[in-house]
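# Coordinate inspection notes
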Amino acid sequence: MNVNNALAIPGKSSNQMLLNLQSIAGQDVFNGNIHLRRKSITGLTRAYNGNVSLEQCRAKRIPELSRENALVETKNGSVELINSCPIKGNVSTSNGTVRVLNSFINGNVNASNGQVTLSQNSVVTGDVTTSNGIVDIDSSRILGTLKMNGNNIVLGQNSEINKLQLNHVNEISMSGGGAFSWGRNVSSVGNITINNNNSVFF
């Protein structure tokens with residue numbers, strides 16, 4: 001997969017999809033959901049006890065927001081980035097799911113007690129960190145390190161993980177052309193299922 005084509009949509013380039021976006025500041029919501037479509041967002045977008053859904057949005061941090069802090073975040077809720085969303089910052093959830101479809105995160109993803117799903121040519125340039133959650137990757141790439149403590153990894157076709165750091169992972173399953181390599185930071189791995197001529201490198 002070419003990173004430069006990570007946001008390609010049949011019939012339209014990513015630049016065409018993101019023309020003429022309305023510019024807004026970030027949003028901070030308590031006990032509610034955030035759903036934004038075709039916005040250029042500057043600053044933190046966060047929901048407490050709610051979900052964040054961004055569609056065809058561009059988001060970037062403000063200078064006051066540290067690079068270590070999340071740009072898109074939920075507490076007791078889920079984050080959904082769909083249909084060509086370039087995010088220049090970190091994405092985080094606790095007690096929820098991060099779902100990324102055909103989008104590009106130039107940063108890290110963190111999910112505590114939640115699931116991370118990457119599909120449809122999505123790319124994360126940094127690390128993906130989970131505790132007590134499932135990671136499901138299909139036709140997508142993690143260019144940094146996947147750091148997991150517990151539960152399962154599902155690696156679908158045409159997917160790549162640059163590095164793994166695993167602890168108490170129950171099961172790894174692969175199908176349809178996924179590939180990854182293991183470094184030294186691997187412990188307590190349970191069942192490993194390899195299908196359709198996949199390769200695992202130790």
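From a predicted model like this one, the values you see are computed outputs, not experimental measurements.

### Considerations on the overall build of the chain
- From N to C terminus, the chain includes one helix and 24 strands.
- Taking all 202 residues of the chain together, the buried fraction comes to 47%.
- Taking the intrachain contacts of the chain between residues at least 6 apart in sequence as the baseline, contacts between residues at least 24 apart amount to 18%.
- Entry remark: accessible area of the chain is about 9,500 Å², with carbon and sulfur atoms responsible for 42%.

### A look at the pairing of strand β19 (residues 141-155)
- Bridge analysis of strand β16 (residues 123-124) against β19 gives two bridges, and the strand direction is parallel. For V123, the partnering residue across the bridge sits in β19 and is R141.
- In this sheet, β19 lies alongside strand β17 (residues 128-131) in parallel orientation, the contact comprising four bridges. Considered in β19, the bridge of T129 is made with K147.
- Of the pairings in the sheet, the one linking strand β18 (residues 135-137) to β19 comprises three bridges and is parallel in character. Along β19, the bridge assignment pairs D136 with V154.

### What to know about the confidence of the model for the chain
- On average, residues of the chain score 80 in pLDDT, and 73% of them reach the 70 mark or higher.
- Taken together, the stretch residues 1-13 has pLDDT below 50 and engages in 31 contacts with residues farther than four places along the chain or on a different chain.
- In the model, residues 181-188 has pLDDT below 50 throughout and makes 24 contacts with residues more than four positions away in sequence or in other chains.

### Some points on the state of the cysteines
- On inspection of all chains with the given rule, the structure shows zero disulfides.
- Lacking any disulfide linkage, C57 is separated from the closest cysteine sulfur, that of C85, by 5.2 Å.
- Judged by its relative accessible area of 0%, C57 falls in the buried class.

### Describing the environment of N33
- For N33, the location among the structural elements is in the loop between β2 (28-30) and β3 (34-37).
- Separated by 18 residues in the primary sequence, N33 and N51 have C-alpha atoms spaced 4.8 Å apart.
- Beyond its immediate stretch of four places on either side in the chain, N33 contacts G50 and N51.
- From its side chain, N33 meets the backbone nitrogen of N51 in a polar contact 2.8 Å long.

### A short note on the side chain of K39
- Mapped onto the secondary structure, K39 falls in strand β4 (residues 39-42).
- This buried residue, K39, is left without a salt bridge; E55 holds the nearest opposite charge, at 12 Å.

### A look at unusual backbone geometry
- For R38, which is not glycine, the phi dihedral falls at a positive 55°.
- Counting through the fold element by element, R38 comes out in the loop between β3 and β4.

Quick notes on the rules
Residues numbered from 1 in each chain as written. Predicted model: local features only at pLDDT ≥ 70, side-chain atom pairs only at ≥ 80, totals over all residues. Heavy atoms only, no water. Helix = DSSP H or I, 4+ residues; strand = E, 2+ residues; numbered from the N terminus. Buried < 20%, exposed > 50% of the residue type's maximum accessible area, 1.4 Å probe, protein only. Contact = heavy atoms within 4.5 Å. Areas by Shrake-Rupley, 256 points an atom, 1.4 Å probe, with all protein chains shown as cover. Pairing = 2+ DSSP bridges. pLDDT = per-residue confidence, 0-100. Disulfide = S-S within 2.5 Å. Polar contact = N/O pair within 3.5 Å; in protein donor to acceptor, adjacent residues only side chain to side chain. Lys, Arg positive; Asp, Glu negative; His and termini not counted. Salt bridge = Lys/Arg side-chain N within 4 Å of Asp/Glu carboxyl O.

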